[in-house]
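Architecture at a glance
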Amino acid sequence: LNAAVAYYGRVSGNPTPNQPTYPIDLVEKMRAPLLGHFGAEDAGVPPAEANKLRDALNAHDKEGAIYSYEHAGHAFNNDTRESYRPEAAKLAFQRTLDWYAKYLK
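It should be emphasised that the depicted structure is a prediction, and the values quoted were computed from it without experimental measurement. (Residues numbered from 1 in each chain as written. Predicted model: local features only at pLDDT ≥ 70, side-chain atom pairs only at ≥ 80, totals over all residues. Heavy atoms only, no water.)

So, about the overall build of the protein chain. Looking only at helices and strands, one finds 3 helices and 3 strands in the protein chain. For the protein chain, the N- to C-terminal ordering of α and β elements is β-α-β-α-β-α. A globule of 105 residues ought to have a C-alpha radius of gyration of about 13 Å, and the protein chain, at 14 Å, matches this closely. Each principal axis of the C-alpha distribution contributes one length, and for the protein chain these read about 35 × 35 × 25 Å. (Helix = DSSP H or I, 4+ residues; strand = E, 2+ residues; numbered from the N terminus. Rg over C-alpha atoms; globule rule 2.2 N^0.38 Å.)

Set out below in structure tokens:
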């Protein structure tokens, strides 16, 4: 894996049999650069969670970038839902393309 991009997924939580670990638990072992896109108005994955991931990346000296999009909630990139925010989606997609262009050579 040479690069990864995550859109508004859960960062941390209580382990369950179906989800024994979360991204925050794996940051220290990461070997690929991570780009994350989060909605600033996401009630399920609030900005504090995105900040927690950013802080963990920095603390473990991992390559990454975490973006929070104003006026966007969960699933802001899903154009089949009312939560779709075209401006945020377009910017996130362009950043995704740029990220992959940088790391997937």
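Having seen it, we continue.
Turning next to the side chain of Asp-42. Mapped onto the elements, Asp-42 comes out in the loop between β2 (34-39) and α2 (47-59). Within the local environment of Asp-42, its side chain forms a polar contact with the backbone nitrogen of Val-45, the two atoms lying 3.0 Å apart. There is a polar contact of 2.8 Å between the side chain of Asp-42 and the side chain of His-74. In this view, Asp-42 contacts Tyr-8, Pro-47, Ala-72, Gly-73 and His-74; residues no more than four positions away in its chain are not counted. (Polar contact = N/O pair within 3.5 Å; in protein donor to acceptor, adjacent residues only side chain to side chain. Contact = heavy atoms within 4.5 Å.)

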